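Listed below, chain by chain, are the residues.
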Amino acid sequence: QVQFVESGGGLVQPGGSLRLSCAASGSIFRILDMGWYRQARGNERVMVARITSGGSTNYADSVKGRFTISRDNAKFTMYLQIDSLKPEDTAVYYCNIAGPRGTAFGSWGQGTQVTVSS
């Protein structure tokens, strides 16, 4: 079963940027549609960005224009570039195999904490 390890989170001031990484444990990554999800304290985990195995992307309305999802299939790694960070982006960010309608198929990793605060 493929596993994922997220990294790159941190404490950032509003308006700042971060680049999150998601490292997959195997080559099956190349054929998977993948997603970035986030869970703010007290809220459900939601999908914020999705990328197909071929590189097509979709974003939640709340992050369009500020988040950019990408992948490097040769490195079994997915990225999330987050710009113009807002306090409401504060959450634990996770990656997983993307399912329909914002769902996820695989096991959840530890996630990476993003905190936006001045």
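Structural data are supplied above this passage.
Below or above, wherever it landed, is the structure these notes cover. Quantities reported herein were computed from a predicted structural model and do not represent experimental measurements.

Each value, and the rule that gives it
Residues numbered from 1 in each chain as written. Predicted model: local features only at pLDDT ≥ 70, side-chain atom pairs only at ≥ 80, totals over all residues. Heavy atoms only, no water. Pairing = 2+ DSSP bridges. Helix = DSSP H or I, 4+ residues; strand = E, 2+ residues; numbered from the N terminus. Axes fitted to C-alpha atoms, helices over the stretch in contact; angles between N-to-C directions. Disulfide = S-S within 2.5 Å. Buried < 20%, exposed > 50% of the residue type's maximum accessible area, 1.4 Å probe, protein only. Core = buried A, V, L, I, M, F, W, Y, C linked by side-chain atoms within 4.5 Å. Contact = heavy atoms within 4.5 Å. Phe/Tyr/Trp six-rings, centres within 6.5 Å; stacked < 30°, edge-to-face > 60°.

Our focus in this paragraph is the sheet that holds strand β7 (residues 67–72). By definition, the strands of a sheet pair up through backbone hydrogen bonds, in either a parallel or an antiparallel sense. Strand order across the open sheet formed by four strands is β1-β3-β8-β7, with antiparallel pairing between neighbours. The open sheet terminates on both sides in strands that have one partner only, identified here as β1 (4–7) and β7. Averaged over all neighbouring strand pairs, the angle between strand axes comes to 15°, with direction disregarded.

With a phi angle near 55°, Phe76 is a residue other than glycine that sits in the positive phi range. Along the chain, Phe76 falls in the loop between β7 and β8 (77–82). In this structure, Arg101 takes a positive phi of about 55° despite not being glycine. Assignment of secondary structure puts Arg101 in the loop between β9 (91–97) and β10 (112–116).

Our next topic: the state of the cysteines. Inspection of every chain in the model, using the stated rule, returns one disulfide. Here Cys22 connects covalently by a disulfide to Cys95, the sulfurs 2.0 Å from one another. Sign of the S-S torsion, about 75° for the bond between Cys22 and Cys95, identifies this disulfide as right-handed. Taken together, the residues span a long stretch of sequence, with Cys22 in strand β3 (residues 18–24) and Cys95 in strand β9 at a distance of 73 residues. Judged by relative accessible area, Cys22 falls into the buried class, the value being 0%. You can call Cys95 buried: its relative accessible area is 0%.

Phe4, Met34, Trp36, Met78, Leu80 and Tyr93 are the most contacted members of the largest nonpolar core, which totals 27 residues. Those elements giving two or more residues to this core turn out to be β3, β4 (34–39), β5 (46–51), β7, β8, β9 and β10. Look past the residues within four positions of Met34 in its chain and what remains in contact with it is Phe4, Cys22, Phe29, Ala49, Arg50, Ile51, Ile69, Arg71, Met78, Asn96, Ile97 and Ala98.

This brings us to the pairing of β1. The two faces of β1 differ: Phe4 and Glu6 on one face are buried, but Val5 and Ser7 on the other face are not. As paired elements, β1 and β3 share four bridges and run antiparallel to each other. Across the sheet, the residue bridging to Phe4 is Ala24, located in β3.

This paragraph deals with the packing of aromatic side chains. Tallied over the entire structure, the rule returns three aromatic pairs. Taken together, a centroid distance of 5.1 Å and an interplanar angle of 90° make the contact between Tyr37 and Trp108 edge-to-face. Here Tyr37 is found in strand β4, whereas its partner Trp108 is found in the loop between β9 and β10, with 71 residues between them in sequence. When the ring of Phe67 is compared with that of Tyr93, the centres are 6.5 Å apart and the planes differ by 50°; the resulting orientation is tilted. Here the residue Phe67 occupies a position in strand β7, and Tyr93 occupies one in strand β9, the gap between them amounting to 26 residues. One exposure class covers both Phe67 and Tyr93, and it is buried. One aromatic cluster in this structure is built from Tyr37, Tyr94 and Trp108.

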